[in-house]
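Listed below are the residues making up each chain.
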Amino acid sequence: MPPTAAAPTPSAVPAVRREEQTPFATQLPAQKRLTRSPPSYRAKDDDTIEPFSRRRTLIAENMLHSLGTSAHVASVAEIDMLRVQRAKAQDADKSPGKLTFMPYIVQALAQALAEHPRLNASVDGDRLILRKDRNIGVAVDTPDGLVVPVLHRADELNLFGIARRLQELSERARQGKLRPDDVAEGSFTLSNTVRDGNLFGISIIRQPEVGILRIGSIVKRPVVREVEGEEVVVVGGEKKKEV
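Notes on the structure in this doc start here. Predicted, not measured: the structure shown is a model, and the values here were computed from it.

1. A word on a nonpolar patch on the surface
A surface patch of nonpolar side chains, amounting to about 510 Å² of accessible area, comprises Val76, Leu199, Phe200, Ile202 and Val219. Looking at where valine 219 falls in the secondary structure, it is placed in the loop between strand E8 (212–215) and strand E9 (222–227). Overall, the relative accessible area of 46% leaves valine 219 in the partly exposed class.

Structure follows, in structure tokens:
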């Protein structure tokens, strides 16, 4: 009989070290993984300490929860507000109070949600609930932090109704007099950073909503328009003298 080949001994089989198969974090001893903490700063005697309010603490917790719940994808677009500016000037005398750009934005947003119902929705497990009521929350800055009163059924209000409701909710928010119903059942949120001079920003979705709109500053810019068949550069709706 021909001689049979000897089976390879365990030492002849290439060994792969366990450390090479696992991520770096899992190679750390369990005790180090559990006790490791992020860098911190210890207050000094001449530092000023401001404890977080309950509202700010809840805001932080909700934002972190949202980042871990929804995939956030941002899109930035510019909008020509010239016609809105002209309409605002014409409507100012008919408005019961001071008229800002915000009622126009809320009205346009309500119409957009009607055209795109999947943005006026909430996620429930493995299904999407398309909500009938378009309840638009508008973020208001207060001394205690941001709060989001809600315009319920905003699509059923006209421009001046939206303006009046916004003013009422904003005043109550800054006075700390909002009722629980005033901040409940929002289906989409509008974040306003205009007064801070920001061009744009990226906001975090308010759960269980599926989207958020953040607006930036309204500024004058030179743009190209067609005037009497000729392309010209205009600023604020007026033809620039030097083209």
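That shown, we press on.
2. Thoughts on the sheet that holds strand E3 (residues 136–138)
A sheet is described by the order of its strands in space; here four strands give the open sequence E6-E3-E7-E8, paired in mixed fashion. The sheet is open, and its two borders are formed by strand E6 (150–151) and E8, each paired with just one other strand.

3. A few points about the environment of serine 95
One can find serine 95 in the loop between helix H4 (82–91) and helix H5 (102–115). Taking the C-alpha atoms as reference points, serine 95 and leucine 159, separated by 64 residues in sequence, lie 8.9 Å from one another.

4. Some words on the side chain of serine 170
Following the sequence through the fold, serine 170 ends up in helix H6 (residues 159–175). At 2.8 Å, the side chain of serine 170 forms a polar contact with the backbone oxygen of leucine 166.

5. Structural notes on the packing of aromatic side chains
Counted according to the given criterion, the structure contains zero aromatic pairs. The side chain of lysine 88 reaches across the aromatic face of phenylalanine 101, ending 5.1 Å from its centre.

6. A closer look at unusual backbone geometry
The amide bond that connects glutamine 207 to the next residue, proline 208, takes the cis arrangement and shows omega of 5°. Of note, glutamate 228 is a non-glycine position whose phi angle comes to about 55°, a positive value. Within the element layout of this structure, glutamate 228 appears in the loop between E9 and strand E10 (230–235). We classify glutamate 228 as exposed; its relative accessible area is 82%.

7. Some remarks on the pairing of E9
Counting buried residues in E9 gives zero out of six residues, a small share hidden from the surface. Pairing between E9 and E10: six bridges, direction antiparallel. Paired with proline 222 across the strands is valine 235, a residue of E10. Between E9 and E10, which pair antiparallel one after the other, the connecting turn spans two residues, and glutamate 228 there sits at a positive phi close to 55°.

Cut-offs applied
- Residues numbered from 1 in each chain as written.
- Predicted model: local features only at pLDDT ≥ 70, side-chain atom pairs only at ≥ 80, totals over all residues.
- Heavy atoms only, no water.
- Patch = residues over 30% accessible without salt bridge, like charges linked within 9 Å, V, L, I, M, F, W, Y side chains within 5 Å.
- Areas by Shrake-Rupley, 256 points an atom, 1.4 Å probe, with all protein chains shown as cover.
- Salt bridge = Lys/Arg side-chain N within 4 Å of Asp/Glu carboxyl O.
- Helix = DSSP H or I, 4+ residues; strand = E, 2+ residues; numbered from the N terminus.
- Buried < 20%, exposed > 50% of the residue type's maximum accessible area, 1.4 Å probe, protein only.
- Pairing = 2+ DSSP bridges.
- Polar contact = N/O pair within 3.5 Å; in protein donor to acceptor, adjacent residues only side chain to side chain.
- Phe/Tyr/Trp six-rings, centres within 6.5 Å; stacked < 30°, edge-to-face > 60°.
- Lys NZ or Arg CZ within 6 Å of the ring centre and 35° of its normal.

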